[in-house]
Amino acid sequence: MTRKALLVSLSGVLIFLLSGLIWKFNQKSEQDARIIQQIQSIPSMSLATLNGEKVQIDEFASDRPFLLVYFNSTCDMCKIMLQALETRIEEFNHVSILLASNQLKNELEGVLEEYPFLHQQHIKLVLDEEMHLSTYLGVRSVPSIFCYDSSSALVASYQGPVKLDIILKKLPHRKEGRP
């Protein structure tokens, strides 16, 4: 009789664990679907630059192709991407570029000195201190790159490094419908 009770108890525990795994998988699938839906257009949220200026992301994009790069200044792949972007920045003059990080302000201050091109008018470096943007975008690794056309529609997204040539091919060179 105790053997039978042990088997029934063990079966109950296994069913409980299996149903928990199925529930967790469904929750994750729903979350992924929600993120995919919400990143289809440029986020409408405000973040601060290092000097405290508020940047409304969707307004900053301002009817231009938009490149959003979520990065970390200590990430080697992110550094390589920033160096490549610096050498080819003139090819991105038609693009509004937002670099976002959840690092502390003092950790990012050296980035502006190391990469002077970040001071250009069409580029902003913002702090995501409370990780609202990274959560909204579903960032899992850095760099995470999101390319939007001039009508604010997502044309490509990448988790991890990607060549600038691929990004440039995704970003249109002028507003659709304009010569």
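Structure shown above.
What you see is a predicted model, and the numbers here were worked out from it, not measured in a lab. (Residues numbered from 1 in each chain as written. Predicted model: local features only at pLDDT ≥ 70, side-chain atom pairs only at ≥ 80, totals over all residues. Heavy atoms only, no water.)

### Some details on the packing of aromatic side chains
Then step 1. All told, the structure shown has 3 aromatic pairs when counted by the stated rule.
Then step 2. Summarising the aromatic geometry, the rings of Phe66 and Tyr148 are spaced 6.1 Å apart at their centres and angled 40° between planes, so their arrangement reads as tilted. Within this pair, whereas Phe66 is found in strand β3 (residues 66-70), its partner Tyr148 is found in strand β6 (residues 144-148), the two being separated by 82 residues in sequence. The pair formed by Phe66 and Tyr148 is uniform in burial state, with each residue classed as buried.
Then step 3. For the pair Tyr115 and Phe117, a centre-to-centre distance of 6.3 Å together with 80° between the ring planes defines the contact as edge-to-face.
Then step 4. Overall, the relative accessible area of 6% leaves Phe117 in the buried class. (Phe/Tyr/Trp six-rings, centres within 6.5 Å; stacked < 30°, edge-to-face > 60°. Helix = DSSP H or I, 4+ residues; strand = E, 2+ residues; numbered from the N terminus. Buried < 20%, exposed > 50% of the residue type's maximum accessible area, 1.4 Å probe, protein only.)

### Notes on the pattern of salt bridges
Two side chains bearing opposite charge may form a pair once their charged atoms approach each other closely.
Then step 1. This structure, assessed with the given rule, holds 3 salt bridges.
Then step 2. With a closest N to O distance of 2.8 Å, Arg88 and Glu91 form a salt bridge.
Then step 3. Owing to a relative accessible area of 21%, Arg88 belongs among the partly exposed residues under this scheme.
Then step 4. Since its relative accessible area comes to 32%, Glu91 is described here as partly exposed.
Then step 5. Several salt bridges converge on common partners, so that one network encompasses Arg88, Glu91 and Asp165. (Salt bridge = Lys/Arg side-chain N within 4 Å of Asp/Glu carboxyl O.)

### What about a nonpolar patch on the surface?
Then step 1. Together, Leu10, Val13, Leu14, Phe16 and Leu17 give the surface a local cluster of nonpolar side chains, amounting to about 530 Å² of exposed area.
Then step 2. Tracing the backbone shows Leu14 in helix α1 (residues 2-38). (Patch = residues over 30% accessible without salt bridge, like charges linked within 9 Å, V, L, I, M, F, W, Y side chains within 5 Å. Areas by Shrake-Rupley, 256 points an atom, 1.4 Å probe, with all protein chains shown as cover.)

### Concerning the nonpolar core
Then step 1. Of all hydrophobic cores here, the largest spans 31 residues; its most connected members are Leu67, Phe71, Phe92, Leu99, Ile145 and Ile167.
Then step 2. Top element by residues in this core is helix α3 (residues 76-87). It accounts for 4 residues.
Then step 3. Ile167 has contacts with Leu67, Met81, Phe92, Ile145, Cys147 and Val162, leaving out every residue within four places of it along the chain.
Then step 4. Ranked by size, the runner-up nonpolar core spans 20 residues in total, among them Met45, Val55, Phe66 and Leu133. (Core = buried A, V, L, I, M, F, W, Y, C linked by side-chain atoms within 4.5 Å. Contact = heavy atoms within 4.5 Å.)

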